[in-house]
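One letter stands for each residue in the lines below.
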Amino acid sequence: MEKINHKGRTFPWALLLVMGLAAGFAFAQEDGASWLKLIDEAERIPHATGIIEQTITTSGGSERTLTMRFWSAEEGELSLMAYTAPARVKGDKILQRDDGDNIWYYMKRRDVTRHFVGTARRQSAMGSDFSYEDLGSGDMTEDYTAELLGDETLDDVPCVKLKCTPTESGPSYEHIIVWVGVEDYLPRKIDYYDDDGHLKTLTLSDFQTIEGRKLAMRMEMVNVREGSRTQMVQQSISFKDEPEPSLFTKEALSREIR
Amino acid sequence: MKNTEKAWARWLAALAVAKPWWILCVVAVITAVMFGFSSKLEMRMNWTNMLPEKEPIVRSYLEVQERFGEQSIIIALEGERDDMVAMAEELTPRLKKLESLDNVQAELPLDFFRNHAFVNVKPDLFKRILDTYENPDLVGTFRGMNDDYEREYTESESNLKRDEVEIARSLLGLTRSLEILEANFTGQPQAPDIEEAVEAMTFGESYLLSLDRRMLLIGCTPKGNIVSDIDEVLTTVEEVEEQVRLVAPAHPNVKASLTGVAKIGLDEMESIGFYTQLLFLAALIFIYLLLMRTFRSWLIPIFALIPLVIGIFWTLGVLYLLFGGLNMFTAMMMLVLLGLGIDFSIHLISRFWEAITAGEDVETALAIMLGRTGTSVLTGALTTAFAFLTLMIAETRGVYEFGAAAGLGVLITLLAIFITLPALLAVQRRRFDKGLTRRGKEATVASELSADTGAYNWIGSVARAGWNRPVLFLSIAGILAVASIWAMQHTAFEYDFLKLEPKGLKSVALQREIPKRFGISDHSAWLIVNSIEESREMKEKLRKKGLVGEVASISDYIPSEARLTEYTPELEKFREHIKRQELPEWKPDDSQQLAAELDRLWDNLDLMSNLAFAAGLDRIIRVIDELTGYNMETNATDTTAILPSLTRTLYRGVDETRARTIAAVWGQRMKTNLYDMADPSQVYVSDLPAEIKRAHLPREGEGILLLIFPRKYLYDKKNLDRFTEQITSVSPAISGTEQLFVLMMDKTLEEGRRAAFLALGVIALLLMIHFRGLIGLLALIPLGTGSLAMLGLMYLVGMKYNFNNLIAVPIILGIGIDDGVHALHRFRTEVSAGTKRIFDSFRFVGRAILLTSLTTMIGFGSIALYEHRGMASFGQALFMGVGACFIATVFVLPAVLRIVYGKRKDIKV
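Worth saying up front: this structure is predicted, and the values here are computed from it rather than measured.

(A) Expanded view of the overall build of chain B. What chain B contains, in helices and strands, is 34 helices and 13 strands. Referenced to the eigenvectors of the C-alpha coordinate spread, the extents of chain B come out at roughly 120 × 60 × 50 Å. Considering chain B as a whole, with its 909 residues, one finds that 54% of them fall into the buried category. A separation of at least 24 residues holds for 82% of the contacts in chain B among residues at least 6 apart in sequence.

(B) Up close: the pairing of strand β11 (residues 197-210) of chain A. Residues and elements named next belong to chain A. Where strand β10 (residues 187-194) and β11 come together, six bridges link them in antiparallel fashion. When the bridges of β11 are listed, lysine 189 appears paired with threonine 203. Bridging between β11 and strand β12 (residues 213-223) involves 10 bridges; their strand directions are antiparallel. Bridging across to β12, threonine 203 finds its partner in glutamate 220. Adjacent in sequence and paired antiparallel, β11 and β12 are bridged by two residues, among which glutamate 211 carries a positive phi angle near 50 degrees.

(C) Representation of the interface of chain B and chain A in the model. Listed as interface residues are 24 residues of chain B and, on the opposing side, 27 residues of chain A. Looking at the side of chain B that touches chain A, the elements that each hand over two or more residues are α23 (590-615) and α28 (717-730) of chain B. Per-element accounting of the side of chain B that touches chain A gives the leading share, nine residues, to α23(B). Taken together, the residues of the side of chain B that touches chain A sort by class into eight nonpolar, eight polar and eight charged.

(D) Up close: the environment of Arg114(A). Within the secondary structure, Arg114(A) sits in strand β6 (residues 112-116). What makes Arg114(A) partly exposed here is the crowd of 16 C-beta atoms within 10 Å. Put simply, Arg114(A) and Ile94(A) are 20 residues apart on the chain and 9.7 Å apart in space, counted from C-alpha to C-alpha. Ignoring anything within four residues of it in the chain, the contact list for Arg114(A) reads Trp104(A), Tyr105(A), Thr154(B) and Leu607(B).

(E) Unusual backbone geometry, seen in detail. In the segment running from Ala85(A) into Pro86(A), the intervening peptide bond is cis, with an omega of 0 degrees. In this structure, Asn635(B) takes a positive phi of about 55 degrees despite not being glycine. Relative to the elements of secondary structure, Asn635(B) occurs in the loop between β10 (630-631) and β11 (636-637). Residue class for Asn635(B) comes out exposed when judged on the 12 C-beta atoms lying within 10 Å of it.

(F) Molecular detail of the confidence of the model for chain B. All names here are of chain B. Scored by pLDDT, chain B comes out at a mean of 86, with 96% of its residues at no less than 70. Across residues 439-452 the pLDDT falls below 50, and counting only partners more than four positions away or on other chains, this stretch makes 19 contacts in the model. Overall, residues 905-909 carries pLDDT values under 50, and its contacts beyond four positions in sequence, including any with other chains, amount to four contacts. Across the assembled chains, the prediction reports ipTM 0.75 with pTM 0.75.

(G) Spatial organisation of the domain arrangement of chain B. As assigned here, chain B comprises domain 1 (1-54 + 265-439), domain 2 (71-260 + 513-696) and domain 3 (455-490 + 771-909). The C-alpha-based centres of domain 2 of chain B and domain 3 of chain B are spaced at 64 Å.

(H) The pairing of strand β4 (residues 93-97) of chain A, seen in detail. Of all the five residues making up β4(A), five are buried; the element is thus mostly covered by neighbouring parts of the structure. Burial along β4(A) is two-sided: the residues Lys93(A), Leu95(A) and Arg97(A) and Ile94(A) and Gln96(A) are all buried.

Definitions and limits used
- Residues numbered from 1 in each chain as written.
- Chains lettered and ligands numbered in written order.
- Predicted model: local features only at pLDDT ≥ 70, side-chain atom pairs only at ≥ 80, totals over all residues.
- Helix = DSSP H or I, 4+ residues; strand = E, 2+ residues; numbered from the N terminus.
- Buried ≥ 20, exposed ≤ 12 C-beta atoms within 10 Å, placed from the backbone.
- Contact = placed C-beta atoms within 7 Å.
- Pairing = 2+ DSSP bridges.
- Nonpolar A, V, L, I, M, F, W, Y, C, P; charged D, E, K, R; others polar.
- pLDDT = per-residue confidence, 0-100.
- Domains from an automatic or database assignment.

The structure is reproduced here in structure tokens:
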């Protein structure tokens, strides 16, 4: 098995990052750095499997719904997605390793595997409004420095508002603004900014407790410039069984997964 | 009986008796003149003829029409690619010879592109293109293409989105190129030359082909202005149709059809013009039969209808003098006046017979008819006319003209009736008296001409029930009113203007088909800019907007100085490289290498199509699926599609001699093309082909036109608004068809609402004057209930609001009030008391208002049968509205009267 880079997490581990944050906040911290540290501590989930339904509404108004199974391991370092619907992409898989620096796309129809280079991280993932970078957002304390902007209430949930600025090795955004619930420490909303201003907004909702872990079952990323949106609904998720490490190899992509 | 009528009535009656033939002759002359005018009326059936001209968007639209013209005639050829191109090649020169056409856009100006292609490439594509075409030999070309696709398009859809237009166009060219290669590799007889495959590869398809390559479009811009010279434009449509008809027999495998704003306008005019007359005649006959049955006479309906028809012709003549033509609303005027004007005749004739039966002489009977009933008819007509005239507050030309036409129409029709009807009745009585003398027998007037003076007791009974149970009736009415208010707020708006067009029009169906086949809307927004650089800047900004599918700009053909300075050294280097390059000899295993590159291309295209699928880039998906044979519906691949087929052919092995020739011709032609395309010379406006200049430069004066095409046909408010928001965020000066349509809807809604309130105010005032007090306002209650019921019924039958039926609300106020006025008037003059009073008044007045409601409903009912769905919805709404107002008068008013009058013993008569 290839050596694992523990720097960051990859899709769908990243989903868990934004959905299942912060359960272990023992006490409220008032400065940004402490918040980031606690977020990172909270997101370390050993492994997960599940099914996600992704609905993409393009800026042209057309809608696509894709369903996929996902597996993650090594605290999110390894992730695999396998599309199950619609027929056009059924059987296609995306394997991510090394914080998205290595991405492989397997297309079942042509039985061909393509390796995407690191620059793909900043591009959108399979037509959605999430970039690979958003999905594999890495270690918050390594990727960002944070400034506490104050308190705010979002949908009746008291939150702290953090302005997170990427470090040199961090993501490509100019900064992000994160709203984190002060009681459950879960993020409710993230605004993404680039050099031209506000780019996207991620909204997390429908929080449920699954196998003892509270997480958002619904995420919606809206590209405020283009008017497109992507909604991801967690249809099922489990943290019990650890996937086989061999699942996360390029060679395994062309094999059927039961 | 002493004639105590008003002086004007006595004078008019005396004149009618003394000089009936003179009057009828004068009327005949006026009618002949007006008929002449009315026959010249233009039928302006497009919604663009009804726009509010003061609005900046409309002014911009009119400016574009005037200065640049509009590609308002589209010829669509359907068939196999080669058949369509053959027909287009024959048809285009013929069209270009037509004097009435300003521009014909069919084939791309390949000679221009051949010499100026690379200087016009966007910076982000420039380096890529030079890299892609570094090796112009056959295998090298496809290898370069694969390398480029893998660098740019197979990892994310972001770049696909950025280059969607270029990719779709180049893939159509690729398809053509592969087809020619396969035909040559397999040695098909009459295979097109390899040079043509190279042209297709480097320039794309020269004609505007649909994504499935089964439709080809030719755009024609008439010299005439579709707004101000509609006749001229329609003649141009006929000339274009004639050319298509002449060419078609030589191309039996191609189906040629026309669409575009001008063609749809012509079809609408033909459909509406004939159909309107047919329905007018049908309504006339229907009303005649209804009156004949009611009055039990064949003569009375004729007397009622003749002056009415005369009045309608006068109105149409006046409309010609005022507006010169009829728009979508005023075209319905004949039927509206037929339904409304017949009421005037019925009331007057009834009163005349009543007087004659009572033993009055003809002159006195006519004076009574005019002085008494005529006065109340005049009051009613004024109420209706004022309600219509309130629509003249509208800025929307269509609504304004309808208000003026209907308001004046009511008054003119009444004038025609006042002048003609007494003379007709006088002549008839004179002939009747002579007949009596000749037959030498006694006869009573009543036996010869007896109107049915009976009452409808069932209406009286319904009214009595309402009087006896006012709480129950008013509760039901209240519930229905509340439900209607809810319904009217939940009725959707129709923003798909093609859904308002006549059913079954081929041009409309084609208009809807084109965006589906081409993956882009066929009508555009526009912006007039001052310079080529501004045009370039705007285009780049607009291309980034999600709903913008394509931007046609003159900057596509003229590079900036800065870009040219930057490109020139690279281009010179590239030219030198191409010039010096020795083409490699075709080797025996090159067919396998070429097959491998095509296989790789297949992988790349399939991957791109999957990314494009997720991103909703339909144009790319469809062209790629055509190439690879993938069918999304069946999830199967058609292996006879060009890419699988050619790949298979090459893997199997091809004739080496033939392959060597193909490769040699390909390489040589590609070298020549690339060398020419890399010419770094500056391009000036004077170098541009005529069709490009005409498309972007004004006929006179300064300015450059930029055209912005939406990604798809937009028909819902949300997307229309989003498109507007996106394009106006780039420049607030951008206007477009989508904005015009939304504006038309919003304005009609706003102005209809304003006119309705104004009409209500005018009606309330007239009611208070007529009934000399606030009691007159009681007539508003059935009107309000009936109007709300109309809106509720519109929801119930699944209608949507559109700019045609939105003006039904102020109109129903003007028409529906009559029932309440007559009923209230009759009740107040009834001398009996209690339930007898309500029963007696309603059984008599009920019959009259039922008859007049029915005649009006026949008028609007015939509009409801129009093929034009927007206009039909107007007729349907008013048909229901008039019916609802009658029912509300009979059911609700008695209950209200009971509340108001129930305990009062004194009754003012």
